[in-house]
Amino acid sequence: AAAEAVDTTLGRFRVTLTAAAIAAAQGPGALRLYGDAISAGADDLVRQLYRVDANGMVVYSSNGRAALGYVGERGYFKDLAADPDRPLVVSVPMLERPDGGWSLQVARAVAVHGRFVGVVALSVNPAHWTEQLTQFELNGDDVLTLFSADGTYLLRSRDGEGYYGQKVAANRPFLQPDSVVSG
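Criteria and cut-off values
- Residues numbered from 1 in each chain as written.
- Predicted model: local features only at pLDDT ≥ 70, side-chain atom pairs only at ≥ 80, totals over all residues.
- Heavy atoms only, no water.
- Helix = DSSP H or I, 4+ residues; strand = E, 2+ residues; numbered from the N terminus.
- Contact = heavy atoms within 4.5 Å.
- pLDDT = per-residue confidence, 0-100.
- Core = buried A, V, L, I, M, F, W, Y, C linked by side-chain atoms within 4.5 Å.
- Buried < 20%, exposed > 50% of the residue type's maximum accessible area, 1.4 Å probe, protein only.
- Pairing = 2+ DSSP bridges.
- Expected span 1.5 Å × (residues − 1).
- Salt bridge = Lys/Arg side-chain N within 4 Å of Asp/Glu carboxyl O.

## So, the side chain of Ser-157
With respect to the helices, strands and loops of the structure, Ser-157 is situated in the segment after strand 8 (153-156). Contacts of Ser-157, omitting those with residues within four sequence positions, involve Thr-130, Thr-134, Glu-137, Asp-142, Val-143 and Leu-144.

## Re the confidence of the model for the protein
For the protein, per-residue confidence averages 86 on the pLDDT scale, and 92% of positions sit at 70 or higher. Least confident of the elements in the protein is helix 2 (residues 28-40), whose mean pLDDT is 80; most confident is helix 3 (residues 75-82), at 95.

## Considerations on the nonpolar core
The biggest cluster of nonpolar side chains holds 26 residues, and the ones touching the most others in it are Phe-13, Leu-17, Leu-31, Val-120, Leu-122, Val-124 and Trp-129. Sorting the residues of this core by element identifies helix 1 (2-26), strand 1 (46-53), strand 5 (102-112), strand 6 (115-124), helix 4 (126-133) and strand 8 as the ones contributing at least two each. The biggest single contributor to this core is helix 1, with eight residues. Contacts of Val-120, omitting those with residues within four sequence positions, involve Leu-17, Ala-20, Ala-21, Ala-24, Tyr-50, Arg-51, Val-106, Ala-107, Arg-108 and Val-110. Membership of the second largest hydrophobic core comes to 14 residues, among which are Val-58, Val-89, Phe-116 and Ala-121.

## Some remarks on the pairing of strand 5
Look at any regular strand and the pattern is simple: side chains alternate between the two faces of the sheet. Where strand 3 (residues 89-90) meets strand 5, two bridges bridge the pair, whose relative direction is antiparallel. The residue bridging Val-90 from the neighbouring strand is Val-106, located in strand 5. Where strand 4 (residues 94-95) meets strand 5, two bridges bridge the pair, whose relative direction is antiparallel. Bridge pairing in strand 5 places Met-94 opposite Ser-103. Judged from the nine bridges that link them, strand 5 and strand 6 form a sheet pairing that is antiparallel. Within the sheet, the bridge partner assigned to Val-106 lies in strand 6 and is Leu-122.

## Observations concerning the pairing of strand 2 (residues 58-61)
Judged from the three bridges that link them, strand 1 and strand 2 form a sheet pairing that is antiparallel. Across the sheet, the residue bridging to Tyr-50 is Ser-61, located in strand 2.

## A look at helix 1
Across its 25 residues, helix 1 extends 36 Å between first and last C-alpha, which sits within 8% of the 36 Å expected from 1.5 Å per residue. The positive-phi residue at the C-terminal boundary of helix 1 is Gly-27, with phi of around 130 degrees.

## Re the pattern of salt bridges
A complete count under the given rule lists two salt bridges for this structure. Asp-79 is the salt-bridge partner of Arg-86, the closest N and O atoms lying 3.8 Å from each other. In this structure, the salt-bridge partner of Asp-150 is Lys-167, at a minimum N-O distance of 3.2 Å. Separated by 17 residues along the polypeptide, Asp-150 in the loop between strand 7 (145-147) and strand 8 and Lys-167 in the segment after strand 8 bring together distant segments of the chain.

Right, dumping it as C-alpha cells:
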C-alpha cells in the first residue's frame, strides 16, 4: 500500500510536469498561467513549480520568491540535459535556496522540436511526503524508507534529516537489479 501511494504521488508529479513542459514550450506567459493555477491549488507537499533554461538558470518560479540562480551543476539537471527523453528524475534531498529547508526536486526536460531547452521541476517537501507515508506504519517500531535506484535515502519516516543523501549498504537485496523486492 505504501508503494502504491508513492507511485500515485509520482504519477501526480508526472502529470503536473508534463503539462508544465507543454506550457513552458509555448512560452513564459503560458507557463506563468499554469504556475499560477498550480500555486492556487498548492498544498504543503509541493513548494513551487519552477523552470530552468538550457544554460541551467532558473528563469521562473510559481511562488515568485525563489532565487533565480544557477542550478546547472545539480544532478537532476545534468541527467535530463544528457537524456531529455527520461520521463521523470527525482533528485537526492538537498537544502533549498534561499530558506535552507530540505527538498526533493522532481523534474522533467522541456524540448522544442526535439531540442533540449531546459527543465521544469517541482520542489517537494520531504517532511510532508513522509507524513503522508507514516499512515502505513503498523506499530512504533516500523520505519518506512524510499531509496533511489542507487540506494540513496530520499525519504525516511524516522529521523529523516539525519539520513538524507546517505546511501544504504550496497549489499541490500532490494538494490539488486533482478530482485523481486525492488521497485
